[in-house]
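Notes for the structure review
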Amino acid sequence: MTIALGAPAWVDLATHDVADARDFYTGLFGWHWIQRPDYNIALKEQKPVAGLLLPETDVPTAWTLYLECGSARRAVERIRALGGKVLVPPTETPADETFLVAEDPSGAIIGLWEAPPNGTFGRDHAGMLCWAELHTRDGSSADPFYAELLGYRQEQIGEPGDTFDYTVWYVDDLPTLGRFETSSALPEDVPAHWQLYFQVNPDNNTDAAAAKAVQLGGKILREPSDSPHGRLALLQDVVGATFFIIDTAQRTGE
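Here's a quick rundown of the structure. (Residues numbered from 1 in each chain as written. Predicted model: local features only at pLDDT ≥ 70, side-chain atom pairs only at ≥ 80, totals over all residues. Heavy atoms only, no water.)

Moving on, we come to the environment of Thr98. Along the chain, Thr98 turns up in strand 7 (residues 98-103). When its relative accessible area of 8% is taken as the criterion, Thr98 is described as buried. For the pair formed by Thr98 and Ser71, sequence separation is 27 residues and the distance between their alpha carbons is 8.2 Å. Excluding residues that lie within four positions of it along the chain, Thr98 makes contacts with Ala72, Pro90, Thr91, Glu92, Leu112, Trp113 and Glu114. (Helix = DSSP H or I, 4+ residues; strand = E, 2+ residues; numbered from the N terminus. Buried < 20%, exposed > 50% of the residue type's maximum accessible area, 1.4 Å probe, protein only. Contact = heavy atoms within 4.5 Å.)

The following block contains the structure:
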């Protein structure tokens, strides 16, 4: 099944403590691994769900989201024309994928992915990515950049500049990504970034998974709380990367 243009196509984590990160996510999500010298691939339900790599240079320990772009090489010119920067040029993988890493006009790092026709990426089940949103101080530059680059239909929630300024990005009429304007909430020393959400149900609920993360050496940065989309918590893993977990079966009313 072809991954739709603009949909999440991959995520990976760069860290100099690969073994510790691998053990943490194995314990938390039940991931199994294909281990290679330079890149580890996590599997869940026999589907590839994430990567883990040892970077060659000092880069932030953080999750990177990759969005399907159709053609990584054609995307390079579009990124530059729309005010972004290409940080890692198109690079081929042993599995016939091509990826690049860019910086959007608001300063967030984003990967673009060119999957082969039979490319697969496990999503929307326990232990898999189920949502991602851009946290930025400059939604007015981020929204048009991504809309022009990947063709999203974007729906504004709340008023621009208000305390809750959020856009939902649609692929084929399916809500796929979000953008959160965080001018008042994002600390000055924290750059714009993509935040990933991993689903925990039905393997676990959010509270049990958060407690398990602490047992595995991680931290709870935001205690479990209810939302219209599910019960969620913000965690930090053993190597310092942050991510949300969410139990989408536990939804509150709008």
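Our next topic: the sheet that holds strand 6 (residues 85-92). With mixed pairing, the eight strands of this open sheet are ordered in space as 2-3-4-1-5-8-7-6. If you trace the sheet from one side to the other, it starts and ends with strand 2 (32-35) and strand 6, each paired once. Taking each pair of neighbouring strands and ignoring which way they run, the sheet shows an average axis angle of 25°. Bridge analysis of strand 7 against strand 8 (residues 109-114) gives six bridges, and the strand direction is antiparallel. In the strand pairing of strand 8, Phe99 is matched with Trp113. (Pairing = 2+ DSSP bridges. Axes fitted to C-alpha atoms, helices over the stretch in contact; angles between N-to-C directions.)

Right, let's get into helix 2 (residues 72-81). Of all the residues in helix 2, the buried ones are Ala72, Ala75, Val76 and Ile79. Along the long axis of helix 2, the arc covered by the buried residues comes to 115°, so they all point the same way. Away from its buried face by more than 90 degrees, helix 2 exposes Arg73, Arg74, Glu77 and Ala81. Tucked into the core, helix 2 has its buried residues touching strand 6, strand 7, strand 8 and helix 3 (139-150). (Arc of directions from axis to C-beta.)

What follows covers the sheet that holds strand 13 (residues 193-199). In space, the eight strands of this open sheet follow the order 10-11-12-9-13-16-15-14, with mixed pairing throughout. Looking at which strands have only one partner, the edges of the open sheet turn out to be strand 10 (153-157) and strand 14 (219-225). Going from strand to strand, the sheet's axes swing by 25° on average, the running direction of each strand aside. Across seven bridges, the pairing between strand 11 (residues 165-171) and strand 12 (residues 174-181) is antiparallel. Bridge pairing links Asp165 to Glu181 in strand 12. In this fold helix 1 (residues 18-29) packs onto strand 13, strand 15 (231-236) and strand 16 (242-247), with an angle of close to 10° to the strand it touches most, strand 16. Each of strand 14, strand 15 and strand 16 is contacted by helix 4 (residues 206-215), which is oriented at about 10° to strand 15, the strand it contacts most.

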